[in-house]
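Structural characterization, general
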Amino acid sequence: MQIVIVGAGYVGLVSSACFAEFGINVTCVDSDSERVRELQDGRVPIFEPGLEDLVKRNAAAGRLAFRDRLSDAIGEADAVFIAVGTPSRRGGQAADLSFVQQATRDIATGLSPVSSRTVIVTKSTVPVGTAALIEQIVVATRPELVPGRDFDVASNPEFLREGSAIEDFMHPDRVICGTESVHAEHVLRELYAPLDVRNLPMMFTDRATAELIKLAANSFLAMKVSFINEMADLCERCDADVQDLAQGLGLDPRIGPRFLHPGPGFGGSCFPKDANALVAIARELDVDVRLVETTIRVNEARKAAMADRVREVMDGDIAGKRIAVLGVTFKPNTDDLREAPSLIIVPKLLEMGASVTAYDPAGSAAPRALPEFRHVRWADSAEAALRDADAVVVLTEWNEFRGLAAHRIADLLREPVVIDLRNALNAQEMRNAGLRYYGVGRGRIHPLGP
Ligand code: UDX
């Protein structure tokens, strides 16, 4: 089989490499010629464990090629996946579909129905109704083409977590496809056939439902995170322990243990964007989705509240204090800073008069360039950041931080204050080393006694 994937970003590149690994001939197209040249030279601009090897191996095997022009890639393609960005509109909630619309016009121009009936598949997260819109754009661009005869449009949303995207693609707990076309269903089944060996749950439904499943899944997971974050605040007021609470909740199979880890709020390029896109669609259709709206509000308020929490733990005044921040990415094993809680928390700590020395295992080249971190000093190791600080704040639960010995932390800090906004460290070990430890939802915030 031959496919084209439009977009060499996070979703497009992972999907291209994984489909190629299945033995499918993949052409990955991106309008950014510089990025295409990098990829052709075997350099992968995305920090995703295992991706560079997968790309190199499949490119060397001749199954994966990169192009910057779509029209000469479509040709005999059995399917063309749209994996371009669908960011939130500037200042709004709805998704910006301009990249999808442009890709659709380019695909329509390149279609040659005589040689092969091509299935156009949306892999990007798109608003409900986008597949129908794509069909309209193709017909408007090429009036002679008939949907269901010369081409089809299907939805196949991605469920890839940053940092474990290849694992999620190769071992999905479900593949969701939306289409009304038997031909499109046949092509999609053939593309995912290599996953069949594991009795892959492949679900077919209509296009609108497939589009909504993706938005609803991320909104629900985001709601779960905002829920446990609120429970963490409650635990702090009633001297309960949120980790035991989460464990107790998770033993109920209807709830499950995952996505019940409290923190400084969710970030990333998906949860905030998808929850906002779902709210925007609901508003357009005059439907109340107050649970999702509240999930978003709780999350945004939490990020801002975390800086106040740091000040509260440090006895109410941090002016002139030196704070070490460990981790600025929105989650570990990624270099992605989009919507990261650090973008709100660090500027607020600076506004409160503290100085901040930060360290992130993904590197500081990208964060250094951000205005939010303009006044941040960057360390090249956790120990360097900790040295002579009046407190350490853990913002991202990189495994590297879990390996920090409590006595070493105590030796390096000027003041023995550990504020662990991810509950990544062992509270008892910290206290045994004489550190004053604060974790999220780990009982009342006492004036930091031993
Ligand atoms: C998410 C979805 O999980 C994935 O299925 C979808 O395809 C894309 O969006 P991702 O955004 O990469 O994946 O990260 P994820 O691991 O889901 O975490 C999202 C945010 O929630 C992160 O900021 C994370 O720190 C936070 N989170 C997650 C918590 O605060 N607590 C949790 O228990 C889990």
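Scroll up a little and you will see the structure.
First, a word on scope: everything that follows refers to the structure included in this document. (Residues numbered from 1 in each chain as written. Predicted model: local features only at pLDDT ≥ 70, side-chain atom pairs only at ≥ 80, totals over all residues. Heavy atoms only, no water.)

1. What about the overall build of the protein chain?
Each helix and strand counted, the protein chain has 18 helices and 14 strands in total. The C-alpha atoms of the protein chain give a radius of gyration of 24 Å, which matches the 22 Å a tight globule of 450 residues would have. Each principal axis of the C-alpha distribution contributes one length, and for the protein chain these read about 75 × 50 × 40 Å. Looking at the 450 residues of the protein chain, the share that counts as buried comes to 54%. Taking contacts inside the protein chain between residues at least 6 apart in sequence as the whole, the part at least 24 apart equals 73%. Put simply, the protein chain has 50 plus and 63 minus side-chain charges, and the middle of one group is 2 Å from the middle of the other. (Helix = DSSP H or I, 4+ residues; strand = E, 2+ residues; numbered from the N terminus. Rg over C-alpha atoms; globule rule 2.2 N^0.38 Å. Buried < 20%, exposed > 50% of the residue type's maximum accessible area, 1.4 Å probe, protein only. Contact = heavy atoms within 4.5 Å. Lys, Arg positive; Asp, Glu negative; His and termini not counted. Charge placed at Lys NZ, Arg CZ, Asp CG, Glu CD.)

2. Notes on the environment of glutamate 397
Locating glutamate 397 in the fold gives a position in the loop between strand E12 (391-394) and helix H16 (399-402). A C-alpha to C-alpha distance of 27 Å links glutamate 397 and arginine 174, two positions 223 residues apart in sequence. Non-local contacts of glutamate 397, meaning those with residues more than four positions away in its chain, are made with Pro332, Arg402, Arg422 and Ala424.

3. Remarks on unusual backbone geometry
One non-glycine residue, glutamate 339, lies in the positive phi region at around 55°. Looking at the secondary structure, you find glutamate 339 in the loop between strand E9 (322-326) and helix H13 (342-351). The class for glutamate 339 is partly exposed, based on a relative accessible area of 39%. In this structure, asparagine 423 is a non-glycine residue whose phi angle is positive, near 50°. Secondary-structure assignment places asparagine 423 in the loop between strand E13 (417-420) and helix H18 (427-432).

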